[in-house]
Amino acid sequence: MSATGLQNATPGTRQIVVETLREEVNVWLFVVKTLIAFFLTGWLAMRLDLPAPSTAMLTTVIVANRQSGMVLAKSFYRAIGTLAGATAAIAIVAAFPQERDLFLLALSLWIGVCAGGATLYRNFKSYAFVLGGYTAAIVAIPVIDNPPGVFDSSWARISEVLLGLMVSGLVNDIVFPSRMRDVLRRAAREQFASFVGFVRDSTGGSIARDTMEKAHLRFVRAAVTLEDLRSSVIFEDAEARARSNHLRLFNQRFMAASTSFQSLHHLINRLKRAQRDLAADTLIRLYAPIGEALDAPIEAGAAARVLLPRLVSARDTMRASVPGLRASLSDSQDVRDFDTGASLLTRFVDELHGYVDAAASLQTPRVIAGSAERVRFDRGNDFLGAGLATFRTTLTMLVLGAFWIYSAWPLGSSAMLLATVFAGLFATIPNPTRVTWQVMLGYLSGMAVGFICEFLLLTQVDGYGLLVVCVAPFLALGLVMMMAQRLAFYGLGWAMGFAYILSLKNVQVYDPAHFINDAIAQVVGLGAAAVSFVVIPPAIGSAWLRRRQLARLRGQVALAAEAPLPGLRHRFESVNYDLVSQVVAQTQPGSADSRSLIAWALAVHETGRALIELRHDLARGDVPPTLRPYLDDALRTLARFYEKPDAAGYLLARDAVATAIASVGEHEGVAHLLEHLHLVRMALLDGESVLAAYMPTAPLSKDIAHAS
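Residues numbered from 1 in each chain as written. Predicted model: local features only at pLDDT ≥ 70, side-chain atom pairs only at ≥ 80, totals over all residues. Heavy atoms only, no water.

1. Quick look at the nonpolar core
Applied cut-off: Among buried residues, those of type Ala, Val, Leu, Ile, Met, Phe, Trp, Tyr and Cys that are joined through side-chain atoms within 4.5 Å constitute a nonpolar core. We call a residue buried when its accessible area falls under 20% of the maximum for its residue type, exposed when it is over 50%, and partly exposed in between, using a 1.4 Å probe and counting protein chains only. By the convention used here, residues are in contact when the closest approach between their heavy atoms is within 4.5 Å.
By size, the foremost hydrophobic cluster in this structure holds 120 residues, and its most contacted members are Phe 192, Phe 195, Phe 250, Ile 290, Phe 348, Leu 352 and Leu 631. What Leu 631 contacts, discounting residues up to four positions off in sequence, is Leu 618, Val 623, Ala 660, Val 664, Leu 673 and Leu 677. With 54 residues, the next largest nonpolar core counts Phe 38, Leu 418, Val 449 and Ala 495 among its residues.

Below you can see the structure in the form of C-alpha cells.
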C-alpha cells in the first residue's frame, strides 16, 4: 500500500497495516541480529582457533530471541548450565575412567536428574538444568576412550559456549535493542489499571459468579506474567535489578488485595441469594467511598500518587460510618453479617492501599535499595512429575548407551548427544511427542539443505565472506519460520539441524559418507527422544498431573491452617496463583477440568486467607485455654476436608466451625474471631460453590441463618 493510500484508509485498516508492517520489521530485525551474532561468533572462534566453531555458532541460534532481556537471561542460565555440566563430566570421568558401563550409568543418571529438575521451573532456570545435562554428555562422551582428554574437552566446550553467549548478548544489546523493561513496565501498568478499574466498577453491587471467575483468571495471568518478566528483565537493566524486590512486593500485594476483593463479593453475592438484602445493601453503602476514591484518571506515572490520599480519605470515611450503619440494623443475623463484611472490607481497603503505595514507590524516579519488604514468589512444583521425567530420560540414555556399546556403532555417541538435548529440552512442555516430531521434520529439512550448501556451494568458494553469502539464506529461512507461530518448532529444528550438520571449522572437511552417517545418527537420537515420550508419557499436561495439582491446590488450605505463620501470606498467595496458572495453561478453556479448577481455586483462596487471618489474630491476643481446643479442631477438620473432600468430611468441618462459633460467643474479649469463622462458615454453606457437591440438600437461606 502506498503512503497516499495508507493516509486515505479507514482508521481500522490503517492500524492493521501499521501493526502488520511493525511485525514484519520485528521479524527481520530478529533475523538480522541472529545472523550477525552467528557469523561474528564463527569468525571469532576461527580466529581464536577453537576446536569446534560450530558449537559456538549453534549457541547463538539456541539463545536467539526478539527481546534483549530474554537473550541475556537465557545466556546467563546457559552459562551456569554449561559450567555445571562440564564439572559433572569431569567428576564422572574421574570416577569411572576405565568402566564404560558404570560411566554410562552415572552419565545417564546425571542427565535424567537434570531433565527432572528442568520440569520444576517455568522460566530460563529450567534451561540451566537442560544445559547441565547435555553439556556433560557433550564433554564426556567424546573422551570415553581417552579419559585424560576430558579437561581439554570441557575447556573447549566452555570456551565455545561462552563466546557464543558473549557475542549474542552484545549484538542484541547494541544492534536495534528491543528492551524487555518496556514490556515489564507496560505489564505492570496494565495490571494496575485493570485491577483498579475493575474494583471501581464493582462497588455498586454484587458481581455474577462467571464474571468473578473470568476476573480471577485475568488476575492469575497478570501476576504470573509479571513475575516471569521480572525474572528476565533483571539481566538487562540496572534499574530493574534495583527495583526487583519492589516489583515482587507490588505483585504480592496485588495477589493479596485481589483475594480479599473476591471474598468480599462472594459474601455480598451469598447474602443476596439468601435474601439478606438489608445486610448486603448496607455493606454496599459502606463500600461506596472506595468507588468514589478510585474514580480518577488511571494514567501511567501519576495514577498511584493521585489515588493514595483519596484512598486514605475513603478509609477514614468508611471507619467513621461503620457505627451508624451497624446501628441501622435491628436483626442480630444482619448485624453479624455486617460485622463480617465490614471486617473483610477493612482488610481489603488496607491491602488495596498497600498495593497502590507499592505502585507509587515504583513510579518514583529513584529507588532506595533494601527499602521494600523482602518477599518471594514461591512456585507450586510437583516432585513426582519431576521424578517421572528423570526416570524416562535416564532410561532413554541407558538404552542408547547399551545399543552403542553392543553394536560398536562409531557414531552412536552422536545419537546419544541429540537424544540428550531433546529429551531434556522438551521434557518441560505439555505435548513433547508432537513437538519432537515437528522439530525432527525441521531438522531433516535443515540437514537436507545443509548437504546442498556444504557440497554444492561451500566447495566452490574460498574465504569467510563468501561462506557467509552461501550459508546466510538457508539459515535465515529457518529463523523466519521460528517467528511464525505455526512453524516455530519446525523452524527451530531447521535452524539447529542446518547449523549442527555443517560443523564449520577452520579446516573444513568435505566427507559425504561421514555427513550422511552423522545425519542418520542424529535422526536416530531425535527419534529415540520422541519414542521415549510415547513409551513413558510426560506428566505435564496429563490428567494425572492435573489431579495432583488440584489436590495440591486444595492442600493449600491445610498449609493455611497448620504451617508456621512467618511469610505464610506470601507463600499461600504465590503458590496458589502458580498452581492455577499451570493447570489453566494445560486445560482447554471452558472445559470441565478448567471450570472445576477455577471453582476450587476460588474456594481455596477465600477459606485459606480467612484461616490465615484467624491464626494471626490468635497469635496477637490471649485466647482462653478452654476455647483453644474448639478452634484447633475447626482448623484441623477444615484442613483434612480440603485434602480429601467427601460428604463425611464436609459435615465434620461444618459442625466443627459451628461449634467454634458457638464457643467464641461464650467467651469475653474474643468477638473479633467470629468475623473470620463466620466467613468460613458462609463459604462452607455456599450452594453455588464447588463444595455444594458434598453438602446435604438444604435451603441456602436457612443454612446461612444458622451460620452464627
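There's more to say after this.
2. Focus on a nonpolar patch on the surface
Selection rule: Residues enter patches when they are more than 30% accessible in relative terms and free of salt bridges; like-charged ones are connected within 9 Å and nonpolar ones (Val, Leu, Ile, Met, Phe, Trp, Tyr) within 5 Å. The method behind every accessible area is Shrake-Rupley, applied with a 1.4 Å probe, and residues are considered shielded solely by the protein chains displayed. Salt bridges are identified by distance alone: a Lys or Arg side-chain nitrogen within 4 Å of an Asp or Glu carboxyl oxygen. Each helix corresponds to a stretch of at least 4 residues labelled H or I by DSSP, and each strand to a stretch of at least 2 residues labelled E; elements are numbered beginning at the N terminus.
On the surface, a nonpolar cluster with roughly 490 Å² of combined accessible area is contributed by Phe 451, Ile 452, Leu 456, Ile 516, Ile 520 and Val 524. Those elements giving two or more residues to the nonpolar patch turn out to be helix H17 (432-457) and helix H20 (512-535). Exposure remark for Leu 456: the relative accessible area of 55% places this residue in the exposed category.

3. Considerations on the environment of Thr 659
Assignment of secondary structure puts Thr 659 in helix H25 (residues 647-665). Accessibility expressed as a relative area gives 37% for Thr 659, which makes it partly exposed. It is 6.9 Å that separates the C-alpha atoms of Thr 659 and Tyr 630, two residues lying 29 residues apart in sequence.

4. Notes on the state of the cysteines
The test is simple: Whenever a pair of cysteine sulfur atoms sits within 2.5 Å, that pair is classed as a disulfide.
A complete count under the given rule lists zero disulfides for this structure. No disulfide involves Cys 453; its sulfur sits 6.1 Å from the nearest other cysteine sulfur, which is in Cys 470. Cys 470 sits in the buried class, given a relative accessible area of 12%.

5. Comments concerning the packing of helix H8 (residues 180-201) against helix H14 (residues 332-362)
Rule in force here: Angular values range over 0 to 180 degrees, each being the angle between N-to-C directions of two axes fitted as lines to C-alpha atoms, with helices fitted over their stretch in contact. Roughly parallel covers angles under 35 degrees, roughly antiparallel covers those over 145, roughly perpendicular covers 65 to 115, and oblique covers all other angles. Definitions for this section: a left-handed crossing has its near helix turned counterclockwise from the far helix by less than a right angle. A right-handed crossing has that turn clockwise. Ten residues, namely Ala, Val, Leu, Ile, Met, Phe, Trp, Tyr, Cys and Pro, are considered nonpolar, four, namely Asp, Glu, Lys and Arg, are considered charged, and the remaining ones, Gly among them, are considered polar.
Contact geometry for H8 and H14: axes closest at 12 Å, N-to-C directions at 150°. The angle between H8 and H14 places the two elements in the roughly antiparallel class. In this structure, the crossing between H8 and H14 has a hand that is left-handed. Between H8 and H14, the residues in contact are Gln 191, Phe 192, Phe 195 and Val 199 and Phe 348, Leu 352, Tyr 355, Val 356 and Ala 359, respectively. Residues belonging to the contact of H8 with H14 are distributed by class as follows: eight nonpolar, one polar and no charged.

6. Description of the environment of His 353
Its location among the elements puts His 353 in helix H14. The class of His 353 is buried, set by a relative accessible area of 18%. For the pair His 353 and Arg 253, spaced 100 residues apart in sequence, the C-alpha separation works out to 9.3 Å. Not counting residues up to four positions away in its chain, the partners in contact with His 353 are Leu 308, Leu 311, Val 312 and Arg 315.

7. Describing H14
What counts, and what does not: Working rule for helices: expected span equals 1.5 Å times residues minus one. Pairing of N or O atoms within 3.5 Å defines a polar contact, subject to two protein rules: one partner must be a possible hydrogen donor and the other a possible acceptor, and residues neighboring in sequence count only if both atoms are side-chain atoms.
A rise of 1.5 Å per residue sets the reference length of H14, with its 31 residues, at 45 Å; its end C-alpha atoms lie 45 Å apart and thus fit the reference within 8%. Most of H14 sits inside the fold, with 25 of its 31 residues counted as buried. One side-chain oxygen at the N-terminal end of H14 lies 2.9 Å from the backbone nitrogen of Gln 333; it belongs to Asp 331.

8. A look at the pattern of salt bridges
The final tally for this structure, using the stated rule, is 22 salt bridges. With a closest N to O distance of 2.7 Å, Arg 326 and Asp 339 form a salt bridge. Placement of Arg 326 in helix H13 (residues 303-327) and of Asp 339 in helix H14 is noted, with a sequence separation of 13 residues between them. The residue Arg 620 makes a salt bridge to Asp 617 at a minimum N-O spacing of 2.3 Å. Highlighted residues: Arg 620 and Asp 617, both in helix H23 (residues 592-620), separated by three residues, approximately one helical turn. Using a relative accessible area of 58% as the deciding quantity, one classes Arg 620 as exposed. Residue Asp 617 is classed as buried on the basis of its relative accessible area, which comes to 15%. Taken together, the shared-partner salt bridges connect Glu 351, Arg 569, Glu 573, Arg 609 and Glu 613 into one network.

9. A look at helix H21 (residues 543-562)
Side chains that are three or four residues apart share a direction in an α-helix, a result of its 3.6 residues per turn. Keep this limit in mind: What is called the bend at a residue is the angle between a pair of axes, fitted to the seven residues leading up to and ending at it and to the seven starting from it.
If you check H21, its first and last C-alpha atoms are 29 Å apart, about what 20 residues at 1.5 Å a residue would give, namely 28 Å. Of all the bends in H21, the largest measures some 25° and sits at Arg 554.

10. Structural notes on the packing of H23 against helix H26 (residues 673-684)
The interhelical angle for the contact between H23 and H26, taken along N-to-C directions, is 160°, at an axis separation of 9 Å. Here H23 is positioned roughly antiparallel relative to H26, judged by the angle of their axes. Between H23 and H26 the crossing geometry is left-handed. Here Glu 606, Thr 607, Ala 610, Leu 611, Glu 613, Leu 614, Asp 617 and Leu 618 of H23 come into contact with H26, specifically with Leu 673, His 676, Leu 677, Leu 679, Val 680 and Ala 683. Its residues assigned to classes, the contact of H23 with H26 shows nine nonpolar, two polar and three charged.

11. Here's the deal with the packing of aromatic side chains
For clarity, the cut-off: Any pair of Phe, Tyr and Trp rings, taking the six-membered ring for Trp, is counted once the centres come within 6.5 Å. Such a pair is stacked with planes under 30 degrees apart, edge-to-face with planes over 60 apart, and tilted for the rest.
Throughout the structure, instances matching the rule amount to 24 aromatic pairs. Where Tyr 490 meets Trp 494, the ring centres are 6.4 Å apart and the plane angle is 50°; that geometry is what we call tilted. Residue Tyr 490 and its partner Trp 494 are located together in helix H19 (residues 488-502), separated by four residues, close to a single helical turn. Given the relative accessible area of 8%, Trp 494 is considered buried. Ring geometry for Trp 600 against Tyr 642: centres 6.0 Å apart, planes inclined by 75°, an arrangement best described as edge-to-face. Of the two residues, Trp 600 sits in helix H23 while Tyr 642 sits in helix H24 (residues 628-643), which places them 42 residues apart along the sequence. The class of Trp 600 is buried, set by a relative accessible area of 3%.

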